[in-house]
Amino acid sequence: MKKLIALITTIVIAITAYSQQTLSNSILGRPYEDFSTTAFCSYSSFHPSQYITDNNWDILCTFRTPGTVSKLDSLNIPYNKSQLRFLMVGDLLSFSNGILKTKMPIFDNWQTSEIRAESKAFADSIFPAIEPKIKELISAFNTKGYDVQIYSLIFSYLLDGYIWADGKLPTINQMKSHGTWSGAYWAMYNKRPDERNGTNGYGPLKVNWTDELGYWPSDKVLIDFAHIIMDGKLPIVDTELKNKLLKWNLVNPDGQPTIPIINSGNQDEIDLLCNEITSDISRAVKSHSSVLASKFDIATQEEAQVIFYHEVMWDLFALIESNGLIEKPAILKGEEVGAKHFSDISFIVLTD
């Protein structure tokens, strides 16, 4: 009986390993656009995505499992030496002792499902502990008169902004340099339905966006506004710029901002609550990420923390929204509400 049980166990392990390998191989031929790619990075001359030209994505997918260049020939994947060299310059591909290996984390279907199952369980476990503080933070925002911007402040300021302050989680500057860029760049097998939500930063000026958002000023207007904020030259006195900002309800007729101005690090009620919430989250993420790095062959602890938190962020935000603590503003749903509602998703962050 013991021999039979051992045999069955061996067969089950073999089938599981085979299934995982099959899923891993299934990424070959899957278009780059079908993956969810994230670049948590800064760059000088080349953004990491700019190395994904021609059929370079097929090459990177091939060498998730290290091998010699002949592996491309066996799979009928065309290439030339300059392509391989280009990927090495971008630090997405390594070459050592005749072996090529992809350095960019590319997670297959099984791995993506596993990571997301872990992030969902993680979010479910930590949410009850931080929910009361999030409610306090929302109340503090309302007291300040920021009720219209609550959704964007919770996502873009708290979860997609404050969490990276004061070493809670690795910042881009603390991440590895890759020649023309620094940070982390990775791909999940498929996209989340809620991923179409992000933050654009123009120095101190932050704007929450979704793919459905149909209103957007020119970048020049936002950059000019940001420079004036950074230079401490408010209110806006330039008539032309002020009129442009008035259209988007970012300033009043006196040239003063109409959107929230948050002083990060000033130890007021909002700052203290943001610090408590993100400290709770980051401590838990760090403790979990060592297991994640080992399980999914992620190069460094810092990279594992960044990757895992980005998944956790979506799950936490979904819980905050589904529990009725926040509601997505109409402008982010793509509704025809007019340019003046651009201020509903904008705010200013000043650092003490």
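Trainee: How should I be thinking about the pairing of strand β6 (residues 205-210) in this particular structure?
Mentor: Regular strands show a simple pattern: their side chains alternate between the two faces of the sheet. Pairing geometry for strand β5 (residues 197-202) and β6, over six bridges, is antiparallel. Paired with Tyr202 across the bridge in β6 is Leu205. If you look at the hairpin formed by β5 and β6, you'll find two residues sitting between the two strands, and Gly203 has a positive phi there, around 60°. Of the pairings in the sheet, the one linking β6 to strand β8 (residues 346-351) comprises three bridges and is antiparallel in character. Looking at β8, one finds that Leu205 is bridged to Ile348.

Trainee: Looking at this structure, I do not really get the packing of helix α6 (residues 150-159) against helix α10 (residues 301-322). What am I missing?
Mentor: Helix packing for two helices is described by the angle between their axes and how far apart those axes are. Packing of α6 against α10 leaves a shortest axis separation of 11 Å and a crossing angle of 155°. By the angle class used here, α6 and α10 are roughly antiparallel. Handedness of the α6/α10 crossing: right-handed. Of α10, the residues touching α6 (which contributes Tyr151, Ile154, Phe155 and Leu159) are Tyr309, Met313, Trp314, Phe317, Ile320 and Glu321. Residues belonging to the contact of α6 with α10 are distributed by class as follows: nine nonpolar, no polar and one charged.

Trainee: Just to check I follow, could you spell out the pattern of salt bridges for this structure?
Mentor: Oppositely charged side chains may form a pair once their charged atoms are brought near each other. In the structure shown here, the tally under the stated rule is 15 salt bridges. When the shortest N-O distance is used, the salt bridge between Asp166 and Lys168 registers 3.9 Å. What makes Asp166 exposed here is its relative accessible area of 70%. Each of Arg116, Arg192, Glu311 and Asp315 takes part in one network of salt bridges that share partners.

Cut-off values and rules
- Residues numbered from 1 in each chain as written.
- Predicted model: local features only at pLDDT ≥ 70, side-chain atom pairs only at ≥ 80, totals over all residues.
- Heavy atoms only, no water.
- Pairing = 2+ DSSP bridges.
- Helix = DSSP H or I, 4+ residues; strand = E, 2+ residues; numbered from the N terminus.
- Axes fitted to C-alpha atoms, helices over the stretch in contact; angles between N-to-C directions.
- Parallel < 35°, antiparallel > 145°, perpendicular 65-115°, else oblique.
- Left-handed = near helix turned anticlockwise from the far one by under 90°.
- Contact = heavy atoms within 4.5 Å.
- Nonpolar A, V, L, I, M, F, W, Y, C, P; charged D, E, K, R; others polar.
- Salt bridge = Lys/Arg side-chain N within 4 Å of Asp/Glu carboxyl O.
- Buried < 20%, exposed > 50% of the residue type's maximum accessible area, 1.4 Å probe, protein only.

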